[in-house]
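Summary of structural features
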Amino acid sequence: MKMDKNKLVGMMVIAIVVLLAAACGNNGQPAVSSGQPGDGSTPEPISRASLYETSVFLGDSITEGLSYHEVLEEKNVLAGAGKTAQFALEDMGELVSRIPEHIYIQLGSDDILWPTDNPLEYSLSHYATLIEKIQAELPDATITLLSVTPVTAEAEQTEPRYRNIAEYNEGLKELAAEKQVGYVDLSPLVAGHPDLYDTDGIHFQAKFYPLLLDYLKDASDRQQSVK
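Cut-offs applied
Residues numbered from 1 in each chain as written. Predicted model: local features only at pLDDT ≥ 70, side-chain atom pairs only at ≥ 80, totals over all residues. Heavy atoms only, no water. Helix = DSSP H or I, 4+ residues; strand = E, 2+ residues; numbered from the N terminus. Contact = heavy atoms within 4.5 Å. Phe/Tyr/Trp six-rings, centres within 6.5 Å; stacked < 30°, edge-to-face > 60°. Buried < 20%, exposed > 50% of the residue type's maximum accessible area, 1.4 Å probe, protein only. Pairing = 2+ DSSP bridges. Axes fitted to C-alpha atoms, helices over the stretch in contact; angles between N-to-C directions. 1 Å grid on protein atoms, 1.4 Å probe; cavity = no way out; pocket = protein on both sides within 12 Å on 5 of 7 lines; lining within 4 Å. Points joined across faces, edges and corners; volume = space filled by probe spheres on them. Nonpolar A, V, L, I, M, F, W, Y, C, P; charged D, E, K, R; others polar. Right-handed = clockwise from strand over helix to strand, strands pointing away. Core = buried A, V, L, I, M, F, W, Y, C linked by side-chain atoms within 4.5 Å. Parallel < 35°, antiparallel > 145°, perpendicular 65-115°, else oblique. Left-handed = near helix turned anticlockwise from the far one by under 90°.

The subject of this paragraph is the overall build of the chain. Counting its secondary structure elements, the chain contains 10 helices and five strands. Within the chain, contacts between residues separated by at least 24 positions form 66% of all contacts whose residues are at least 6 apart in sequence.

Written as C-alpha cells, this is what we have:
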C-alpha cells in the first residue's frame, strides 16, 4: 500500500528535527562542559599550604600560631615564644637551609617589652641587621615585614608598654622603605575581627590564621597590580 505523500513529508520533517535536537543538546543549545577535570573547566582553588609552599614565616609566638594551629606546616614557620629581632639572628643558619623564596618577618611584640633604655631603637637596629643578613645570604628571596598586631585595651592596661606598638610600627615601616623590602600593616585585619583574640588579648585563636594568609595574599596581589 502506497504511503500518502503529505504523511511522508511530515515524517521526514520530524526526523530532521530529532536529529538537530540531538546534535545541539539541551533546548537546542550547544552542549556545555561537564565540569570534569581535564575538560577545560575551572580548576580547584589553590590551597593555602600550596600557596605558601616556598615561604617561611619568621617570628615570635604570634607567628608560631600558624604551625601550632596546623594552618601551615612546620617547615614553613620558624618562630617561637619570646623571639626578638636580636634572637632571630640565631636562626639564620636554619632559615638559609630552607631556601625560601619569600620570607615574612613578624617581630616586635616581645621587643617592645625588652628591659633597656630605648627598646624601640634597640630592636629596630637588630631588625635592620637581620634584614641585611637575609639579603646577603638569600639574595633572591623576597622579604616582607609584618606589623606588630595590636592588643586589646585590657591587655594594654595590664602592660602599658604595649602602648608603644603604633610607634614601633611606624619605625618598622620606615625601616622597610630604607631596606627596600615589603611591609604589610595588619591592624585593619585585627580591627575587623576583635572576636578572634585569645583570652590574653595578645595572641589569636586558630580561626585568625587562615584570614591572615588570605589578607597577605590580597596585599601581595595589590602590590603586584601597582607595579
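Next comes the rest of the account.
This paragraph deals with the packing of aromatic side chains. All chains considered together, the criterion is met by seven aromatic pairs. Seen in terms of ring centroids, Y52 and F57 are 5.7 Å apart; in terms of plane orientation they differ by 55°. Their pairing is tilted. With a relative accessible area of 1%, F57 lands in the buried category. Pairing F87 with W114 gives two aromatic rings, centres 5.5 Å apart and planes at 85°, and the pair type is edge-to-face. Placement of F87 in helix α4 (residues 85-88) and of W114 in the loop between β3 (102-106) and α6 (119-137) is noted, with a sequence separation of 27 residues between them. Taken together, the ring pairs connect Y197, F204, F208 and Y209 into an aromatic cluster.

Take the sheet that holds strand β1 (residues 55-59) next. Read from one edge to the other, the open sheet built from five strands follows the order β2-β1-β3-β4-β5, with strand pairing classed as parallel. The open sheet has two edge strands with one neighbour each: β2 (77-79) and β5 (182-184). Each neighbouring strand pair of the sheet contributes to a mean axis angle of 20°, computed without reference to strand direction. Where β1 meets β3, five bridges bridge the pair, whose relative direction is parallel.

Moving on to empty space enclosed by the protein. Taking a probe equal in size to a water molecule and rolling it over the atoms shows the remaining empty space. Counted under the stated rule, the structure contains two cavities of 30 Å³ or more. Estimates place the volume of the largest cavity at around 40 Å³. Every residue lining the largest cavity is listed: T84, Q86, D111, W114, Y122 and S123. A breakdown of the residues in the lining of the largest cavity according to their chemical character gives two nonpolar, three polar and one charged. Of the pockets and cavities examined, the second largest cavity occupies roughly 30 Å³. In terms of lining residues, the second largest cavity is bounded by D60, I62, Q106, L107, G108, S109, S147, V148 and T149. Here the lining of the second largest cavity is composed, by residue class, of three nonpolar, five polar and one charged.

Right, let's talk about the pairing of β1 for a bit. The buried count for β1 comes to five of five residues, which makes it a mostly enclosed element. Residue alternation in β1 divides its side chains into two sets, S55, F57 and G59 and V56 and L58, and both sets are buried. Taken together, β1, helix α3 (residues 61-68) and β2 constitute a β-α-β crossover, and its handedness is right-handed.

Quick look at the side chain of T152 now. Position of T152 among the secondary structure elements: in the loop between β4 (142-146) and α7 (153-158). For T152, a relative accessible area of 18% gives the class buried. Apart from the residues within four sequence positions on either side, T152 is in contact with Y197 and G201.

Moving on: the nonpolar core. By size, the foremost hydrophobic cluster in this structure holds 57 residues, and its most contacted members are L66, L95, I105, Y127, I134, L145 and L216. If we ignore the near neighbours within four places in the chain, the residues touching I134 are L58, M92, L95, I103, I105, P139 and I143.

A word on unusual backbone geometry. With phi around 50°, I99 is a residue other than glycine that occupies positive phi space. As for its position among the elements, I99 is in the loop between α5 (92-97) and β3. The exposed category is assigned to I99, whose relative accessible area is 63%. Positive phi outside glycine occurs at Q180, with the angle close to 55°. Along the chain, Q180 turns up in the loop between α8 (165-179) and β5.

α8 packs onto α6 with a crossing angle of 30° between their chain directions and a minimal axis gap of 11 Å. One element, α6, and the other, α8, form an angle in the roughly parallel class. Of the two possible hands of crossing, α6 and α8 adopt the one that is right-handed. Touching L120, S123, L124, Y127, A128, I131, E132 and Q135 of α6 are E167, Y168, G171, L172, L175 and K179, all from α8. By residue class, the composition of the contact of α6 with α8 is eight nonpolar, three polar and three charged.

From the geometry alone we can't say anything about function, so treat these as descriptive.
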